[in-house]
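One-letter residues, chain by chain:
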Amino acid sequence: MRVLALLDGTHVDPESPLLRADDLGVQRGDGVFETILAVDGKPRELQPHLDRLRRSARLMDLRPPEDADWHRAVGAVLEQWPWESEPELAVKLVCTRGVDGGDGTPTAFATGQSLSAELLRKRDEGVSAVTLERGIDPDLTERAPWLLLSAKTLSYAVNMAALREAERRGAEEVVFTATDGSVLEGPTSTVVLAEGNTLVTPPPSAGILRGTTQGALFRAASTAGWNTSVEPVSVERLRTADGLWLASSIRLITQVHTLDGERVTVDPELHRRVRGIYEAQY
Ligand code: PLP
């Protein structure tokens, strides 16, 4: 990590300790976060990220800081970033429930960190993925809101374990599936496929995050004359699609070239067009 800022805009040494040992974010993963891409000094989709953070916090009865505070913290991170040498930056906003037995004041901060070489390589070369069961049915979100299925909480241990399982199976990424076999999302990404002139993604109501990158891509694609559809997707459709991607703020729109050990359609021209449509709006 290179830059750390508090909500009052103060810079803190990123190498020195910041949290108390009894912070509930540390002890229970009880908190929310967002990861935002900033390019050449400008954050992308900042408001949709702040809206999603607020929604996640509401789902878990957490009182998040005001948007103005986040703006100040993000501004402080951007201000310290060495843009000349690194034109891209991952800004992370973190908000925990604060200390155990405290008065409910959240712990909140923003960090800025470089993108890893591996992530940049995957953006260019694409990834192999495996489907893994998530063990939820698509109606569970509404029936069991306490499971926080559509919140971006700090409890990502399962998501990270799934990525390690993918690695054990010789793949780099995961596509989670529901109990009915439908497609959900990646551990840190939204699934997007192309069928002819239509871009498709599974619905957030199935218990997945509403992706800001997918949202931005679909917005730009509609303007560019594409059809977009948010609908249930079977794994079979991933295999027969004209293009398959994992989308997220930092990885952008990364092509999937292999699913469960089988090659899927990779069309470099289609990929170039889809990435181009997404990029052209910034
Ligand atoms: N789904 C999950 C579980 C994620 O963690 C993320 C982002 O990290 C996404 C989807 C994609 O969201 P965004 O495009 O807003 O980064």
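Throughout what follows, the structure given in this document is the object of discussion. Every value quoted in this text rests on a predicted model; they were computed, and no experiment measured them.

1. As for the packing of aromatic side chains
Then, in step 1: Summed over all chains, the structure comprises three aromatic pairs.
Then, in step 2: With centroids separated by 5.0 Å and ring planes inclined at 80°, the aromatic side chains of F33 and Y156 adopt a geometry described as edge-to-face. In this pair, F33 sits in strand 3 (residues 31–39) while Y156 sits in the loop between helix 5 (140–143) and helix 6 (157–168), placing the two residues 123 residues apart along the sequence. A single burial state applies to F33 and to Y156, both of which are buried.
Then, in step 3: A centroid spacing of 6.4 Å and a plane angle of 65° characterise the contact between W81 and W83, whose relative ring orientation is edge-to-face.
Then, in step 4: Given a relative accessible area of 4%, W81 falls into the buried group.

2. Topic: the pairing of strand 5 (residues 88–96)
Both faces of the sheet carry side chains from a regular strand, because those side chains alternate between them.
Then, in step 1: Counting buried positions over the nine residues of strand 5 gives seven, a clear majority of the element.
Then, in step 2: With nine bridges connecting them, strand 3 and strand 5 associate as antiparallel partners. Note on strand 5: the bridge partner recorded for G31 is T96.
Then, in step 3: Two strands pair when backbone bridges link them, and strand 5 and strand 6 (residues 107–113) are joined in this way by seven bridges, in the antiparallel orientation. The residue of strand 6 that forms the bridge with L93 is A110.

3. Things to note about the nonpolar core
Then, in step 1: By size, the foremost hydrophobic cluster in this structure holds 25 residues, and its most contacted members are V32, W70, V77, L89, V91 and L93.
Then, in step 2: Put simply, the parts of the chain that give this core at least two residues each are strand 1 (3–6), strand 3, helix 2 (46–59), helix 3 (67–80), strand 5 and strand 6.
Then, in step 3: For this core, the leading source of residues is helix 3, giving six residues.
Then, in step 4: Excluding its chain neighbours within four sequence positions, the residues that come into contact with L89 are I36, L37, A38, V77, L78, W81, W83, G112, Q113 and L115.
Then, in step 5: Of all hydrophobic cores here, the second largest spans 22 residues; its members include L37, A220, I253 and Y278.

4. Remarks on the packing of helix 2 against helix 3
Then, in step 1: Where helix 2 meets helix 3, the axes come as close as 11 Å, and the angle between the chain directions of the two elements is 130°. Here helix 3 runs oblique to helix 2, going by the angle between their axes. The chirality of how helix 2 crosses helix 3 is right-handed. Touching L46, Q47, L50, L53 and R54 of helix 2 are D67, W70, H71 and V74, all from helix 3.
Then, in step 2: Of the residues in the contact of helix 2 with helix 3, the class split is five nonpolar, two polar and two charged.

5. With respect to helix 6
Then, in step 1: Compared with the 16 Å implied by 1.5 Å per residue over 12 residues, the 17 Å span of helix 6 between its first and last C-alpha is a close match.
Then, in step 2: Along helix 6, the positions that sit buried rather than exposed are N159, A162, L163 and A166. With its buried residues spanning 100° around the axis, helix 6 presents them on a single face. Among the exposed residues of helix 6, those oriented more than 90 degrees off its buried face are A157, E167 and R168.
Then, in step 3: Residues of helix 6 that are buried sit in contact with strand 7 (127–133) and strand 8 (173–177).
Then, in step 4: Note on helix 6: the residue one or two positions beyond its end, G170, has a positive phi of about 80°.

6. Quick look at the sheet that holds strand 1
Then, in step 1: One open sheet accounts for six strands, arranged 2-1-6-5-3-4; its pairing is antiparallel. Pairing within the sheet leaves two strands with one partner each, and these edge strands are strand 2 (11–12) and strand 4 (42–43).
Then, in step 2: Contacting strand 1, strand 2, strand 3, strand 4, strand 5 and strand 6, helix 3 crosses the sheet at an angle of about 145° to strand 5.

Conventions used here
Residues numbered from 1 in each chain as written. Predicted model: local features only at pLDDT ≥ 70, side-chain atom pairs only at ≥ 80, totals over all residues. Heavy atoms only, no water. Phe/Tyr/Trp six-rings, centres within 6.5 Å; stacked < 30°, edge-to-face > 60°. Helix = DSSP H or I, 4+ residues; strand = E, 2+ residues; numbered from the N terminus. Buried < 20%, exposed > 50% of the residue type's maximum accessible area, 1.4 Å probe, protein only. Pairing = 2+ DSSP bridges. Core = buried A, V, L, I, M, F, W, Y, C linked by side-chain atoms within 4.5 Å. Contact = heavy atoms within 4.5 Å. Axes fitted to C-alpha atoms, helices over the stretch in contact; angles between N-to-C directions. Parallel < 35°, antiparallel > 145°, perpendicular 65-115°, else oblique. Left-handed = near helix turned anticlockwise from the far one by under 90°. Nonpolar A, V, L, I, M, F, W, Y, C, P; charged D, E, K, R; others polar. Expected span 1.5 Å × (residues − 1). Arc of directions from axis to C-beta.

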